[in-house]
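The residues making up each chain are set out below.
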Amino acid sequence: QKEVEQNSGPLSVPEGAIASLNCTYSDRGSQSFFWYRQYSGKSPELIMSIYSNGDKEDGRFTAQLNKASQYVSLLIRDSQPSDSATYLCAVNMNSWGKLQFGAGTQVVVTP
Amino acid sequence: DVKVTQSSRYLVKRTGEKVFLECVQDMDHENMFWYRQDPGLGLRLIYFSYDVKMKEKGDIPEGYSVSREKKERFSLILESASTNQTSMYLCASTVGGQPQHFGDGTRLSIL
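The structure presented is a predicted model; accordingly, all values stated were derived computationally and were not measured.

A. Just the overall build of chain B, in detail. Looking only at helices and strands, chain B has zero helices and eleven strands in total. Its helices and strands in sequence order give chain B the pattern β-β-β-β-β-β-β-β-β-β-β, from N to C terminus. The C-alpha atoms of chain B give 13 Å as radius of gyration, which agrees with the globular expectation for 111 residues (13 Å, within 12%). Counting only residues that meet the buried cut, chain B has 48% of its 111 residues in that class. Considering only contacts in chain B between residues 6 or more positions apart, those separated by 24 or more positions represent 54%. Accessible surface, chain B as shown: approximately 5,300 Å² in total, 48% of it carbon and sulfur.

B. Geometry of the sheet that holds strand 8 (residues 73–78) of chain B. All names here are of chain B. On the basis of which strands lie adjacent, the open sheet formed by four strands has the order 1-3-8-7 and antiparallel pairing. Only two strands of the sheet have a single neighbouring strand rather than two, namely strand 1 (4–6) and strand 7 (64–70). Averaged over neighbouring strand pairs, the angle between their axes works out to 20° when direction is ignored.

C. Quick look at the sheet that holds strand 1 (residues 4–6) of chain A. Residues and elements named next belong to chain A. With respect to topology, five strands assemble into an open sheet ordered 1-3-8-7-6, the strand pairing being antiparallel. Edge positions in the sheet fall to strand 1 and strand 6 (54–58), since each of these pairs with one other strand and no more. Across the sheet, the axes of successive neighbouring strands diverge by a mean angle of 20°, strand direction being ignored. Here six bridges tie strand 3 (residues 19–25) to strand 8 (residues 71–76), and the two strands are oriented antiparallel to one another. Bridging across to strand 8, Ser-20 finds its partner in Leu-75.

D. The arrangement of the state of the cysteines in detail. As enumerated under the stated definition, the model contains two disulfides over all chains in all. Note on cysteine connectivity: Cys-23 of chain A is disulfide-linked to Cys-89 of chain A, with sulfurs 2.0 Å apart. The disulfide joining Cys-23 of chain A to Cys-89 of chain A has a torsion of about -75° about its S-S bond and is therefore left-handed. Of this pair, Cys-23 of chain A sits in strand 3 while Cys-89 of chain A is found in strand 9 (residues 85–92), placing the two residues 66 residues apart along the sequence. Comparing Cys-23 of chain A with Cys-89 of chain A shows no difference in burial state: the two are buried. Disulfide pairing is shown between Cys-23 of chain B and Cys-91 of chain B; the S-S distance is 1.9 Å. Its S-S torsion of about -75° marks the bond between Cys-23 of chain B and Cys-91 of chain B as left-handed, since a negative value means left-handed. Of this pair, Cys-23 of chain B sits in strand 3 (residues 19–25) while Cys-91 of chain B is found in strand 9 (residues 87–94), placing the two residues 68 residues apart along the sequence. Of the two residues examined, Cys-23 of chain B and Cys-91 of chain B, each falls in the buried class.

E. Fine view of the interface of chain B and chain A. Facing 22 residues of chain B, the contacting portion of chain A comprises 19 residues. Taking both sides of the interface into account, the surface hidden between chain B and chain A amounts to around 1,600 Å²; carbon and sulfur atoms contribute 58%. The tally of links from chain B across to chain A stands at zero salt bridges. On inspection of chain B and its partner chain A, the count reaches four residue pairs in polar contact (both at pLDDT 80 or more). Within the residue set of the side of chain B that touches chain A, elements represented by two or more residues are strand 4 (31–38), strand 5 (42–51) and strand 9 of chain B. Taken together, the residues that form the side of chain B that touches chain A break down as ten nonpolar, eight polar and four charged.

What counts and what doesn't
- Numbers given for residues are sequential positions, taken from 1 along each chain in its written order.
- Chains carry letters and ligands carry numbers; both start at the beginning, A for chains and 1 for ligands, and go up in the order they are written.
- Reporting in this predicted model follows two pLDDT cut-offs: at least 70 for local features of residues, and 80 or more for side-chain atom pairs to be given and counted; totals over whole chains, interfaces and linings ignore these cut-offs and use all residues.
- Side-chain measures here rest on the full set of heavy atoms in the structure, leaving out hydrogens and waters.
- Helix numbers and strand numbers start at the N terminus; a helix is a DSSP run of H or I with at least 4 residues, a strand a run of E with at least 2.
- Here the globule rule is a power law, 2.2 Å times the number of residues to the power 0.38, and the radius of gyration is based on C-alpha atoms.
- Per-residue accessibility, obtained with a 1.4 Å probe over protein chains only, is compared with the maximum for each type, and a residue is labelled buried under 20%, exposed over 50%, and partly exposed between these values.
- The contact rule is simple, with two residues in contact once any of their heavy atoms fall within 4.5 Å.
- Only the protein chains shown count as cover for residues, with accessible areas throughout obtained via the Shrake-Rupley method and a probe of 1.4 Å.
- DSSP-based pairing: two strands are paired if at least 2 bridges between them are found.
- In this analysis, axes come from line fits to C-alpha atoms, helices being fitted only over the stretch in contact, and the angle between any two N-to-C directions falls in the range 0 to 180 degrees.
- Cysteine sulfur pairs qualify as disulfides if the two atoms are within 2.5 Å.
- Joining two parts hides part of their accessible area as seen by a 1.4 Å probe, and the buried area is that hidden amount summed over both.
- Throughout this description, the term salt bridge denotes a Lys or Arg side-chain nitrogen within 4 Å of a carboxyl oxygen of Asp or Glu.
- Throughout this description, a polar contact denotes any pair of N or O atoms lying within 3.5 Å of each other; where both atoms belong to protein, one of them has to be capable of donating a hydrogen while the other can accept it, and for residues adjacent in sequence the pair is counted only when both atoms sit in side chains.
- Throughout this entry, Asp, Glu, Lys and Arg are counted as charged residues, while Ala, Val, Leu, Ile, Met, Phe, Trp, Tyr, Cys and Pro are counted as nonpolar. The remaining residues, Gly among them, count as polar.

In short, shape yes, function no, at least from these values alone.
In structure tokens, the structure reads:
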């Protein structure tokens, strides 16, 4: 069974601080990696895609990928209360776009 | 922007009924997916389709079937609804190794 592991949290982060979320995956052949944000009662919303080793920045979000260590992370800088949500790590499984999702990390940003 | 539309946000049905959940995407995506999401269990794949009239079972297909007669539309069918099928149902679409885009979800209650 190919797996994607995340810490479930909750991860409590003071407003203005950096939230650091981690994800490990078991399938060495995976090529595409995604982070989704999901507010309570809502559907997942794509916030980052990363395909090659290194860092990718988009606004306050930075995704980091290390394929050798089978590790992908998400940093949220200057955390805001609106960042309070569950963050899902997803790894592409095949050419049809099938994804394996982690269980999600709940982030709580405290004022 | 990709638009994935699910026919209902909330739906209440009775046990034994045949239930249809509809999903339409407007981006000509080949691949479409149906998930259910329950507290503590994360996203679980029910069925996916990689072409018109083509379907593959996901992790939890029992009690469900699907139909894809047109490329833009993917229907999930609960043949005889049961209370343990009360859940949030999410449809998604994608092409190739790109991220999946989700609809708003249908919160289905079976009484």
